[in-house]
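# Structural characterization, general
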Amino acid sequence: MSHIGFEMQNADVGVAPAPSDSLYPTIETPAPNSAVHSKMNPIGFEATEGSAPVNSDGVTLLGFESIEGQDNTETKVSLGSKGNPKDDDNLFFNNGVDRIDYILAYEPGTGEEETAKKERRKVFERELEKEGLKLEHEDKTKSKSGKVCFVKIHAPWEVLTKYAELMHMHMPLTENDIKIDFTSCLSMCPTPFDLDKDIMKQDDDYFTAPFSRTRMHQFMIKDRNSFFSNAQRSRIVYEILSRATFEEDKEQKKKFGIKKMISNESYDAAYPLHDGKYLSEHSLLTRGKMNDRHELYEIWARWRMWYKFQPLNHIRDYFGEKIGIYFAWLGYYTTMLIPAAIVGLICFIYGCATVFQDIPTSELCDKAKSGNLTMCPLCDKRCSYWKLEDSCSYSRATYLFDNPATVFFACFMALWASFFHELWKRKQVELEYEWDIADFEQEEEIPRPEFEAQVQRVRKNPITKKEEPYVPVWSKCIRYFTTASIIFFSLCVVLGAVFGVIVYRIIITAVLYSSEEFLLRSRSTLVASGTAACINLVIILILNQLYLKIGLVLTNMEQHRTETEWEDAFTFKMFLFQFVNYYSSIFYIAFFKGRFIGRPGAYDYNLFGYRQEECDPAGCLIELCLQMAIIMVGKQAYGNFKEILLPKIMVWFRSRSAEKDTSDLTIYTRWEQDYNLSEMPQLGLFDEYLEMVIQYGFVTIFVAAFPLAPLFALLNNIFEIRIDAYKFVTTWKRPLAARAQDIGIWYGILTGITAIAIVTNAVIIAFTSEFIPRMVYKYFYSNQTLQYYDFSLSIFNVTDFQQKSIPDDKKLAIFGNVTTCRYRDFRNPPGSSEYEFTVVFWHILAARLAFIVVFENLTVFLTWLIMYLVPDMPYAVKLQMLREKYLVKEAHFTSETIKQNSGEEHHAKQPLY
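Residues numbered from 1 in each chain as written. Predicted model: local features only at pLDDT ≥ 70, side-chain atom pairs only at ≥ 80, totals over all residues. Heavy atoms only, no water.

### Here's the deal with the overall build of the chain
What counts here: Secondary structure elements follow DSSP: runs of H or I of four or more residues count as helices, runs of E of two or more count as strands, with numbering from the N terminus. Buried means the residue's accessible area, taken with a 1.4 Å probe over protein chains only, is under 20% of the maximum for its type, while exposed means over 50%, and partly exposed covers the values in between.
Along the chain, the regular secondary structure elements total 30 helices and 16 strands. For the chain, buried positions account for 54% of its 913 residues.

### Section: the sheet that holds strand β8 (residues 269-271)
Sheets are built from strands that pair by backbone hydrogen bonding, the pairs being arranged parallel or antiparallel. To be explicit about the condition: Here the rule is simple: two strands pair whenever DSSP picks up at least two bridges between them. Inter-axis angles, ranging from 0 to 180 degrees, are taken between N-to-C directions of lines fitted to C-alpha atoms, where helices are fitted over the stretch in contact.
Read from one edge of the open sheet, four strands run β2-β3-β1-β8, paired in antiparallel fashion. Where the open sheet ends on each side, the last strands, each with one partner, are β2 (134-138) and β8. On average, each strand axis in the sheet is inclined to that of its neighbour by 15°, with strand direction left out of account. In the sheet, strand β1 (residues 102-106) pairs with β8 via three bridges, with the strands oriented antiparallel. Pairing of Leu 104 across the sheet is with Ala 270, part of β8.

### Describing the state of the cysteines
Filter applied, for reference: When two cysteine sulfur atoms lie within 2.5 Å, the pair is treated as a disulfide.
Tallied over the entire structure, the rule returns three disulfides. Residue Cys 365 pairs covalently with Cys 392 via a disulfide, S to S 1.9 Å. Handedness here is read from the sign of the S-S torsion; for Cys 365 and Cys 392, about 100°, the answer is right-handed. With Cys 365 in the loop between α12 (359-364) and β9 (374-375) and Cys 392 in helix α13 (residues 392-401), the pair connects residues that are 27 residues apart, well separated along the chain. With its sulfur 1.6 Å from that of its partner, Cys 379 forms a disulfide with Cys 383. Measuring the twist about the S-S bond at about 90°, one finds the Cys 379-Cys 383 disulfide to be right-handed. According to the relative accessible area criterion, Cys 379 is buried, its value standing at 8%.

### Observations concerning a nonpolar patch on the surface
Just so we agree on the cut-off: Residues enter a patch when their relative accessible area is above 30% and they make no salt bridge; the linking distance is 9 Å between like charges and 5 Å between nonpolar side chains (Val, Leu, Ile, Met, Phe, Trp, Tyr). The accessible surface values rely on the Shrake-Rupley method and a 1.4 Å probe; as for residues, cover is taken only from the protein chains in view. Salt bridges are defined as contacts in which a side-chain nitrogen from Lys or Arg sits within 4 Å of a carboxyl oxygen from Asp or Glu.
There is a patch of nonpolar side chains on the surface, built from Phe 193, Trp 306, Tyr 307 and Phe 309 and spanning about 430 Å² of accessible area. Tracing the backbone through its elements, the reader meets Trp 306 in the loop between α9 (292-301) and α10 (312-319).

### So, the nonpolar core
Most often, soluble globular proteins keep nonpolar side chains buried together rather than apart. Convention followed: Buried Ala, Val, Leu, Ile, Met, Phe, Trp, Tyr and Cys residues that are joined via side-chain atoms within 4.5 Å together make up what is termed a nonpolar core. Only heavy atoms matter for contacts: two residues are in contact if any of them lie within 4.5 Å across the pair.
Trp 300, Phe 319, Trp 329, Tyr 333, Trp 416, Tyr 583 and Phe 698 are the most contacted members of the largest nonpolar core, which totals 145 residues. Here the element with the most residues in this core is helix α11 (residues 321-354); it accounts for 16 residues. Setting aside chain neighbours within four positions, we find Phe 698 in contact with Tyr 582, Tyr 583, Ile 586, Met 628, Ile 631, Met 632, Val 703 and Ala 709. Tyr 102, Tyr 163, Met 169 and Phe 228 belong to the second-largest nonpolar core, a separate cluster that totals 40 residues.

### Considering helix α3 (residues 157-166)
Burial of α3 is extensive: nine of the 10 residues sit out of reach of the surface. If you check which residues of α3 are buried, you get Trp 157, Val 159, Leu 160, Thr 161, Lys 162, Tyr 163, Ala 164, Glu 165 and Leu 166. If you follow the buried residues of α3, they end up packed against α5 (224-227) and α6 (230-241). Taken from the residues just after α3, His 168 is the one with a positive phi, measuring 55°.

### Structural notes on the side chain of Asp 380
The test is simple: Counted as a polar contact is a pair of N or O atoms within 3.5 Å, where, for protein atoms, one must be capable of donating a hydrogen and the other of accepting one, and residues adjacent in sequence contribute only when both atoms are in side chains.
If you trace the backbone, Asp 380 turns up in the loop between β9 and β10 (386-387). There is a polar contact of 3.3 Å between the side chain of Asp 380 and the side chain of Ser 805. Excluding its chain neighbours within four sequence positions, the residues that come into contact with Asp 380 are Tyr 605, Arg 611, Lys 804 and Ser 805.

### Description of the environment of Ala 740
Within the element layout of this structure, Ala 740 appears in the loop between α24 (709-731) and α25 (745-768). Residue class for Ala 740 comes out buried when judged on its relative accessible area of 1%. A sequence separation of 415 residues divides Ala 740 from Ile 325, and the C-alpha atoms of the two residues are 7.8 Å apart.

### So, the packing of α9 against α10
Note the threshold: The hand of a helix crossing depends on one turn: near helix anticlockwise from the far one by less than a right angle means left-handed, and clockwise means right-handed. All amino acids are sorted into three groups, where Ala, Val, Leu, Ile, Met, Phe, Trp, Tyr, Cys and Pro are nonpolar, Asp, Glu, Lys and Arg are charged, and the leftover types, Gly among them, are polar.
It is at 11 Å that the axes of α9 and α10 come closest, and there the two elements cross at 145°. Seen along the crossing, α9 lies across α10 with a hand that is left-handed. Along its contact with α9, which presents Asp 292, Arg 293, Glu 295, Leu 296 and Trp 300, the element α10 presents His 314, Ile 315, Tyr 318 and Phe 319. Split into classes, the residues belonging to the contact of α9 with α10 amount to five nonpolar, one polar and three charged.

### Side note on the packing of helix α20 (residues 563-591) against α25
In plain terms, the rule: Should an angle fall under 35 degrees it is called roughly parallel, over 145 degrees roughly antiparallel, and 65 to 115 degrees roughly perpendicular, with every other angle called oblique.
The contact between α20 and α25 brings their axes to 12 Å, and the two run at 10°. Relative to α25, the element α20 is oriented roughly parallel. Across from Asp 568, Thr 571, Phe 572, Phe 575, Phe 579, Phe 587, Ala 590 and Phe 591 in α20, the residues of α25 making contact are Ile 745, Trp 746, Ile 749, Ile 753, Ile 756, Thr 760, Val 763, Ile 764 and Thr 768. For the contact of α20 with α25, a count of residues per class yields 13 nonpolar, three polar and one charged.

### Here's the deal with the confidence of the model for the chain
If pLDDT is low for a region, its predicted coordinates should not be looked at in detail. To keep it simple, the criterion reads: Here pLDDT means the predictor's own confidence in every residue, given as a number from 0 to 100.
For the chain, the average pLDDT comes to 78, and 78% of its residues sit at 70 or higher. Taken as a whole, residues 1-81 scores under 50 in pLDDT and shows 233 contacts with residues more than four places along the chain or in a different chain.

### Some remarks on the packing of aromatic side chains
The cut-off we apply is this: Aromatic pairs are defined between Phe, Tyr and Trp rings, using the six-membered ring for Trp, whenever the two ring centres lie within 6.5 Å; interplanar angles under 30 degrees are classed as stacked, those over 60 as edge-to-face, and all others as tilted. Geometrically, a lysine NZ or arginine CZ counts as sitting over a ring once it is within 6 Å of the ring centre and also within 35 degrees of the ring normal.
With the rule as written, the count across this model stands at 63 aromatic pairs. Seen from their ring centres, Phe 686 and Trp 746 are 5.7 Å apart, and the 40° between their planes marks the pair as tilted. Of this pair, Phe 686 sits in helix α23 (residues 686-700) while Trp 746 sits in helix α25; the two residues are 60 residues apart in sequence, bridging distant segments of the chain. Cation over ring: Arg 99 sits above Phe 92, and NZ or CZ is 5.8 Å from the ring centre. The ring centre of Tyr 788 lies 5.7 Å from the NZ or CZ of Arg 774, which sits over that ring.

### Some points on the pattern of salt bridges
By the definition in use, this model includes 31 salt bridges. A salt bridge links Lys 573 to Glu 558, with the nearest nitrogen and oxygen atoms 2.8 Å apart. Taken together, the residues Lys 573 in helix α20 and Glu 558 in the loop between α19 (524-557) and α20 connect sequence positions 15 residues apart. By the burial criterion, Lys 573 is buried, and Glu 558 matches it. Here the salt bridges share partners, and the residues they tie into one network are Arg 316, Asp 317, Glu 321 and Arg 739.

### Brief notes about the environment of Leu 546
Looking at the secondary structure, you find Leu 546 in helix α19. Residue class for Leu 546 comes out partly exposed when judged on its relative accessible area of 43%. In the structure, Leu 546 is positioned 56 residues away from Ser 490 in sequence and 9.8 Å away in space, judged by C-alpha atoms.

### Some details on a negative patch on the surface
Under the convention used in this document: Under the counting rule used here, the positive set is Lys and Arg, the negative set is Asp and Glu, and His together with the chain ends is not counted. Charged side chains are reduced to one point each, which is NZ for Lys, CZ for Arg, CG for Asp and CD for Glu.
Together, Glu 175, Asp 204, Asp 205, Glu 430 and Glu 434 make up a region of like negative charge exposed at the surface. Within the secondary structure, Glu 430 sits in helix α14 (residues 404-434).

### Looking at unusual backbone geometry
At Lys 811, a position not held by glycine, the phi torsion is positive, near 50°. Residue placement: Lys 811 occurs in the loop between β15 (793-797) and α28 (812-815). Positive phi, normally seen in glycine, also occurs at Tyr 835, with a value near 65°. With respect to the element layout, Tyr 835 can be found in the loop between β16 (820-824) and α29 (839-869).

### A few points about the pairing of strand β3 (residues 149-154)
Burial runs high along β3: six of the six residues are buried. Here β3 shows two buried faces, one formed by Cys 149, Val 151 and Ile 153 and the other by Phe 150, Lys 152 and His 154. Across five bridges, β1 lies against β3 in antiparallel orientation. Bridge pairing in β3 places Tyr 102 opposite Ile 153.

### Here we look at the environment of Glu 136
Within the secondary structure, Glu 136 is located in strand β2. With 15 residues separating them in the primary sequence, Glu 136 and Val 151 have C-alpha atoms 5.7 Å apart. Setting aside residues up to four positions removed in sequence, Glu 136 forms contacts with Phe 93, Asn 94, Phe 150, Val 151 and Lys 152. A polar contact is formed between the side chain of Glu 136 and the backbone nitrogen of Asn 94, at a distance of 3.0 Å. Polar contacts involving the side chain of Glu 136 include one to the side chain of Lys 152, which spans 2.7 Å.

Spelled out as structure tokens, the structure:
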């Protein structure tokens, strides 16, 4: 049981010590009339024999109804109508009464290997029956394809109640009697984004407590067959499947678990069933829903519902809390992107509207002004002199993203990120209380079967006082040191790949600059940046697959106790890999390109003898923007292709064999239809979370360079929600309805990205963009007869060139006899103190550093102010929690009073002698 985007699908490992005959310790169920049955009550709630306590208003406390004397045998009442064996959507055993809670599927083969598999299946299924599960087999001759055998599993009432208690499942005690109305005038106005209230039923709201068979009469059990939801039933069955043994090895250790049975190919698949078909000939409004899957498809997964709010409670009920929290977070993040996208678009429009009014850019594009300046060659030998006017289109494109509005947008996004975190924290608290997952990690989570299989040392748990496996500190240190070493080496491989792309950029730029074609020469920087970004994207996608395997091996080697710990460790490793993989080339352009090239006459050749690449006179920002756009959009396009087309193709291929049999005598059953669906990825929601978190990094860390990033992210996420919904409802087998308390370590990662974003945006504006030099020029030097590029470009005497830097073709016909050229820096001209930094350089450096200090401190202060003003817990949730505690307290006092009175009566009846 876990909480950060995995579906309990990590590799099954090893063997375990031989368990007892039962998968869990036996918990005896007291007789209905026993003293324990009548006296024990959950969390202070009492119920006397035949009556329940009432308050001063005559209302039964917590709505408890005694069901003393009720038969404990399972009532054969189906959910809805009884199953029809001839119905292709039948969800029941052949008796039409026992509901199918899980399916095991396999394609029998031949030979000695198949004999071993058959024996393992026989032992495994015998263990399941020993735990009380009912099994029913479907021979391959009854399948549409004629190849697949199925094992249908049903959990009777006794099994459900036993494991609900062992797994600490929270079940309803009484209806929530708090009615809080925060309706405002704005919320009363209908919007096109709301779901149709005629279709969406009102969800019941209950106070809940961990289930206990000794106090079963206090829970709201109206119908035994509907008391446990389908998601809970499948989760209970999976818990048994994950611990049932199937063979002993040579060391007398028992091997166990359905994941191991699938990995050794004894079974091909194990899955809960979908509720039926998702398509219907009739409208949802006229005939209502056929099943929950049909309802989710109509109101959530269809493309035409892209603008509607998500039915989160329905998603949670059908797919479980873990998947529900993911879609709640994704929907919330997408909603918060709307103001960011609008402001970013306004900033971009401002740049488009003022690009021809910008004085420095206009001077650069004017041959009569700065455009006629002769620039120094951008590479050795092959490159010649060039006019500043050649950079006109590049400079205008740069201004679209590098203008005064960019600074405002960077500040806005820093505050946006703070609001996003604080408001999501409030939303998460709401979900935790509403979905009964606030104490999941402390109360419900149990050790991983893989942990119990790998670890041989045991010790007494200081909390439960029970013997359980543990890993000593010295062993953890060795494992973590080994993991850290391998991670460090892997990160060096990433940096090596980035270094190779940098060398490619240098070489291709030199080749393009030496071309006779003016178009290639003038666009050489853009061509080199674009092709390098595409190569980098391919390298990123390849390394991602490699790091996935490395991360799994390293995390399993660390031997984490719970699923949550395993997932947190794996997530951190993979995010570290992906962070360096995706952002390293962008960091290079933003903070390193053109910073250490030296100057004409003293270029730095430490990079394998190559002269390092430098930025355009207009700066490196447009290259940074191009790199971000290609990687961000390219990654999203690849992800959407993988998520939409590939599953469709796989489902089509798998269903072809079944469709070949056109005989009406063979029913294409629900379990076979689901068998032909695609499997959910091994790591569950991890890839979905990772994709969104990497996108969040693009939206925040480098937003100063690409104000349209929030807009592209918003458009992508609108489709992402429906794509993911469509996959879950129509394309994938129904996943296990796992529980989770929150988004887990991803929240900490998002907080870390936000902190990095504050620093990077400040540095990008200060050092990568031309904002600070332009402001210094505008307010301190523009009153002189000095144009901006005369101010920002230094003069170099061409006789001081290094021999290897002199151009082969000086293009005398165009430039004449060139004696001086310009380069991008603030240095003294030839003569006294030649080529040393000018006072202007130190002035601008001081202004840059001052801007970083002011920007960061102002953002941090406003972030703290937001955290202070926005409470973590909504008022409505706080009231309900206080009300629940009050009722528990009152029930406890009432229980003690009843016990005391009962004790006095018993004492009075005792004989005096």
